[in-house]
Amino acid sequence: MKSTDIRQAFLDYFRERGHAVVPSGPLVPPNDPTLMFANAGMVQFKDVFTGKEKREYSRAASSQKCIRISGKHNDLENVGVTARHHTFFEMLGNFSFGDYFKKEAIEYAWDFVTRVMEVPRDRLVVTVFGGEAGIEADEEAARLWAEIADLPADRIIRCGMKENFWQMGETGPCGPCSEIHCYIGEGDADPRTFGEEPAQDGTGWTEIWNLVFMQFERHDDGRMEPLPAPSIDTGMGLERLSVLKQGVKSNYDTDLLRPIVDLAAEICGKRYGGTLGPDDVSMRVVADHARTTAFMISEGIFPDRDGRSYVLRRVMRRAIRHGHRLGIDRPFLHECALRCVDMMGEAYPQLVERRELIGEIARQEEERFRATLKHGLDLLEANDQWIERDGRRLLPGAVAFKLYDTFGFPVDLQEVIGAEHGFGIDHAGFEAELEAQRERSRGSKVGEAAVEVVFHDLAQEVGAVDFTGYERESGESGVVALVRGGERIERLSEGDEGAVVVRETPFYGESGGQVGDRGTIRAGDALFRVEDTHKPVEGLVVHLGRVERGALSVGDRATLEVDHALRSATRRNHSATHLLHYALREVVGPQAMQKGSLVGPDRLRFDYSASRPLTDEEIRRVEDLVNEKILLNAPITTEVLPMEEAKRRGAVGIFEEKYGAVVRMLTMTRDSIELCGGTHASRTGDIGLFKILSDSGLAAGVRRIEAATGWNALRHVRGMERELRETAGLVKAPPLEPRDKVERLVEQHKSLQKEIESLQRKLVQGGTRDLTADAREIDGVRVLGANVPVGDPKALRELADQLRDRLSPAVVLLGTEAKEGKALLACSVSKDVTDRFRAGDIVREAARVVGGGGGGRPDFAQAGGQDASKLDEAVQVVYRLAGAP
């Protein structure tokens, strides 16, 4: 049975039983900042379980994309070594939000596993919570399993809290859980052997489904109270169920991974044998990591130096390293990632939509890392700093940290290399270096923690501030709080800087890439100049600025007015970013996803996914498409509607944004429909003119466009015209037509430069005859120091080398005065005497005389200095260093 059929059978089974089949949530959880990645099926339903969110259904089913990179049962080092460990996997799950409970959950699970999936009953056991830490055993679940599944007592196994009690955190919803385990391997499934770890090849008892019965609320003091609406959260790994249905022992032999394993084998030219040998392990690592790479890039995560991006880089570089181990000497990871796209694109269309991007980002990262890997291996081979500890050779923490920080070598990769070359890593030293760097990065942040606390407390007390700025730019409200220096106060006096919180405000707080509004707050004679508006805590809008006149007190009735000109310019720029996003998708392709933006009154900044710069023609096409929409003068409409309805109507969202169940959908012609909470123009024509200022690289696979609209765009165009006119005036050409004159001047400059270089070479060649006469012979080596009128670094180097060759074996030190009275020095030493005379040492000593420094190779070095008047003295240094009397 194919994995796609298993996935569909699961979802169909629960749809027929009244469950809403919900698409997988994103890998980056929008509703849980404590998680780096979605690691279970319940993540997208967390707010439903806690009561913060209500949905139109009370039971659901899904196949959730999950990533687990660390943790006791998901160590990265075990990926490819065991039959079950992965970085990416799919979790099938059914959920009840206060609807059904244990009886129905057990009935559904047993029926689906034994009847629909036809897993033999005699190869299954179940576990239940056996009681621990003052919490009673779940005898209800044990009784239900006996009744519903007709299981004998020896196949209902009681376990402790570690195995069969689940909780969301230190506090909150929790409850006992019950698991279904299946025996994989030859012979009878003897329940007496349960509890033994599965063998690395996958044989033995393995968990296939976990049913969580959320029935308690854990409080800070440890009390456990029954939940008013007990719920169900289950999870079953698609990979493990595929093992059972496809008659194999390892997840890597299922159709979810084996095609990628086979491709890795084909690329490296080796046969995959499914053993625990190093080559087979490496092929499995490549397959697992290629799949994770494809999914993460498809969700807008690109390899970089921190956060989720660093996790991806770490995974990709481990795969590349294992490919290197297999003898693959060319970029290959992109091919394996694209095989995953071909295999899973039907179930997850975003893989197909971003196919080109996935391949390009993976290939670029591998090309970069292959160069880094070679350099790192060379550094390790040349390293002479080692620690001996307990009879083992360790790479010092400082060296390991340099490889990590400077050259991008994750520590686990260093460990892999170390295992192959017989050394370990000084982890304590590495952590000390890492912490020292963190301290340096923190810089001075005095008071920030206090500010965060005060605004958090304010948000709890005041609640959400009503934003009225979509409809108007002014309004009245009461001052509910004042903050200065991280502390709440009752009064801000003239000249004081601080923060003002009101009950409702037309000021937009910086979020979603749009900067905060500026303007004024007036109360009686008091005038508070708002210089910025922030949202330090969700729902709380804070006006930052200074009292210019009078005093502002808590309880005052105030008039708030947004700066109209700045708000209007910001609106134009924000609306233009949406049209720019549309145009980039048209010109570059659907892979040109928004990665971030900054919208202010002066200009807009838009970051997008791309593997190369835009061509001049593409920039013109993007500008034309945007300005075409502007000229339509189409209305810009905003609707507040459920997320599912917005998706159905084709709305585009940004992966990193956090959206709720109800969203604001912005429509600007049928080509631009996006989710956005910012302020916008009324019609596209309000934007005026759109002009791209620059397109630059930002990070791997991410580029940044800066652009201007309206008056700012007009000022930019006028500035370019002014530059052209002034340039035309300088070269005495017609206004706005200086090109021909400038081209002739450039050619003339090149011709004159060649003539100068020719004259300098003639000077060098003509001067060598006299200079050789000044050389002194010291211990069999001819030594020469001279100040020559060359003035050009290249000519000075050529002259030094020519004199060295004519006098060989020789040591030659030359000096010359360059532009602006600067001194230049060059030292050339015959290679056969570099064991006695080193050019770098000589030129460094001479440079001190002219107030400078320099260095280079043993046979050639150069230096510069500030004082050319001392060149005669400087070049004489060579005689002293050579041992002349």
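Our structure's up above, just so we're on the same page.
Computed from a predicted structure; not experimentally measured.

Student: Outline the overall build of the chain, listing residues and values.
Tutor: The secondary structure content of the chain amounts to 25 helices and 36 strands. Per-residue burial over the chain gives 51% buried out of 885 residues. Expressed as a percentage of contacts within the chain between residues at least 6 apart in sequence, the contacts between residues at least 24 apart total 68%. Carbon and sulfur atoms form 47% of the exposed surface of the chain, whose accessible area is close to 41200 Å². Put simply, the chain has 119 plus and 144 minus side-chain charges, and the middle of one group is 4 Å from the middle of the other.

Student: Please provide a residue-by-residue account of the packing of helix H9 (residues 307–325) against helix H14 (residues 411–421), values included.
Tutor: Following both chains from N to C, one finds H9 and H14 inclined at 20°, their axes separated by 10 Å at the closest point. Here H9 lies roughly parallel to H14, going by the angle between them. Here H9 and H14 pass one another in a crossing that is right-handed. Side by side, H9 and H14 meet where Arg314, Arg317, Arg318, Arg321 and Arg325 of the first sit next to Asp412, Leu413, Val416, Ile417 and Glu420 of the second. In terms of residue class, the contact of H9 with H14 is built from three nonpolar, no polar and seven charged.

Student: Run through unusual backbone geometry, naming residues and quoting values.
Tutor: Between Ser808 and the following residue, Pro809, the backbone shows a cis peptide bond with an omega angle of -5°. Tracing the sequence through the fold places Pro809 in the loop between helix H22 (793–807) and strand S33 (810–817). Despite not being glycine, Asp779 shows a phi value in the positive range, around 50°. Within the element layout of this structure, Asp779 appears in the loop between strand S31 (776–778) and strand S32 (781–787). Judged by its relative accessible area of 63%, Asp779 is exposed.

Student: I'd like a description of H22, backed by residues and values.
Tutor: Taking 1.5 Å as the rise per residue, H22 with 15 residues should run 21 Å; its terminal C-alpha atoms sit 21 Å apart, in good agreement. Where H22 is concerned, the buried positions are Ala795, Leu796, Leu799, Ala800, Leu803, Arg804 and Leu807.

Student: Which residues make up the nonpolar core, and what values do they have?
Tutor: Trp145, Ile180 and Trp209 are the most contacted members of the largest nonpolar core, which has 108 residues in total. Here this core takes eight residues from helix H8 (residues 278–298), the largest share from any one element. Not counting residues within four places of it along the chain, the set of residues in contact with Trp209 comprises Phe10, Phe14, Asn94, Ala109, Phe112, Val113, Ser178, Glu179, Ile180, Thr234, Gly235 and Met236.

Student: Residue-level account of the sheet that holds strand S24 (residues 594–599), with values.
Tutor: Within the open sheet, the four strands sit side by side as S24-S25-S30-S29. Their pairing is antiparallel. Only two strands of the sheet have a single neighbouring strand rather than two, namely S24 and strand S29 (690–699). Between one strand and the next, the sheet's axes are offset by a mean angle of 20°, whatever the strand orientation. In this structure, S24 lies alongside strand S25 (residues 604–609), joined through five bridges in antiparallel fashion. Within the sheet, the bridge partner assigned to Val599 lies in S25 and is Leu604.

Student: How would you explain the environment of Lys691 if you had to name every residue and give the values?
Tutor: One can find Lys691 in strand S29. Sequence separation between Lys691 and Ile619 is 72 residues; the distance between their C-alpha atoms is 9.6 Å. Non-local contacts of Lys691, meaning those with residues more than four positions away in its chain, are made with Glu623, Ala707, Ala708, Ala713 and His716. A polar side-chain atom of Lys691 sits 3.4 Å from a polar atom in the side chain of Glu623.

Student: I'd like a description of the pattern of salt bridges, backed by residues and values.
Tutor: Counting across every chain of the model gives 56 salt bridges. Between Asp138 and Lys102 there is a salt bridge, and its shortest N-O distance comes to 2.8 Å. Taken as a pair, Asp138 in the loop between strand S4 (124–129) and helix H4 (139–149) and Lys102 in helix H3 (residues 102–116) lie far apart in primary sequence, 36 residues in all. The same class applies to Asp138 as to Lys102, namely buried. Its salt-bridge partner being Arg612, residue Glu618 comes within 2.7 Å of it at the nearest N-O pair. For Arg612, a relative accessible area of 41% gives the class partly exposed. Several salt bridges converge on common partners, so that one network encompasses Glu16, Arg17, Asp111 and Arg115.

Student: Account for the packing of aromatic side chains, with residues named and values stated.
Tutor: In the structure shown here, the tally under the stated rule is 29 aromatic pairs. Summarising the aromatic geometry, the rings of Phe194 and Trp205 are spaced 6.0 Å apart at their centres and angled 75° between planes, so their arrangement reads as edge-to-face. Here Trp205 lies in strand S8 (residues 204–218) and Phe194 lies in the loop between strand S7 (172–184) and S8, a separation of 11 residues in the sequence. Aromatic pair Phe401 and Tyr404: ring centres 6.0 Å apart, planes at 50°, arrangement tilted. Taken together, the residues span about one helical turn, with Phe401 and Tyr404 both in helix H13 (residues 397–405) at a distance of three residues. Taken together, the ring pairs in this structure connect Phe10, Tyr13, Phe14, Tyr100, Tyr108, Phe112 and Trp209 into an aromatic cluster.

Student: Now, about the side chain of His85: what can you tell me, with residues and values included?
Tutor: The topology assignment puts His85 in the loop between strand S2 (59–67) and strand S3 (88–96). Residue His85 is classed as buried on the basis of its relative accessible area of 16%.

Student: Could you give me a rundown of H8, with the residues and numbers involved?
Tutor: For H8, built from 21 residues, the straight-helix expectation of 30 Å at 1.5 Å per residue is met to within 8% by its first-to-last C-alpha distance of 30 Å. Taken across its 21 residues, H8 has 19 buried, putting it largely inside the fold.

Student: Mind laying out the pairing of strand S11 (residues 392–395), listing which residues take part and the relevant values?
Tutor: Strand direction decides the pairing type here: strand S10 (residues 387–389) and S11, joined by three bridges, are antiparallel. If you follow Arg389 over to S11, its bridge partner there is Arg392. Once S10 ends, the chain turns through two residues before running back antiparallel as S11, passing Asp390 with a positive phi of about 55°. Strand direction decides the pairing type here: S11 and strand S12 (residues 424–425), joined by two bridges, are parallel. Bridging across to S12, Leu394 finds its partner in Gly424.

Student: Summarise the environment of Gly130; cite the residues concerned and give the values.
Tutor: Mapping Gly130 onto the fold places it in the loop between S4 and H4. As for Gly130 and Ile301, which are separated by 171 residues in sequence, their C-alpha atoms are 42 Å apart. With near-sequence residues (within four places) excluded, Gly130 lies in contact with Ala137, Arg158 and Cys159.

Reading the values: the criteria
Residues numbered from 1 in each chain as written. Predicted model: local features only at pLDDT ≥ 70, side-chain atom pairs only at ≥ 80, totals over all residues. Heavy atoms only, no water. Helix = DSSP H or I, 4+ residues; strand = E, 2+ residues; numbered from the N terminus. Buried < 20%, exposed > 50% of the residue type's maximum accessible area, 1.4 Å probe, protein only. Contact = heavy atoms within 4.5 Å. Areas by Shrake-Rupley, 256 points an atom, 1.4 Å probe, with all protein chains shown as cover. Lys, Arg positive; Asp, Glu negative; His and termini not counted. Charge placed at Lys NZ, Arg CZ, Asp CG, Glu CD. Axes fitted to C-alpha atoms, helices over the stretch in contact; angles between N-to-C directions. Parallel < 35°, antiparallel > 145°, perpendicular 65-115°, else oblique. Left-handed = near helix turned anticlockwise from the far one by under 90°. Nonpolar A, V, L, I, M, F, W, Y, C, P; charged D, E, K, R; others polar. Expected span 1.5 Å × (residues − 1). Core = buried A, V, L, I, M, F, W, Y, C linked by side-chain atoms within 4.5 Å. Pairing = 2+ DSSP bridges. Polar contact = N/O pair within 3.5 Å; in protein donor to acceptor, adjacent residues only side chain to side chain. Salt bridge = Lys/Arg side-chain N within 4 Å of Asp/Glu carboxyl O. Phe/Tyr/Trp six-rings, centres within 6.5 Å; stacked < 30°, edge-to-face > 60°.

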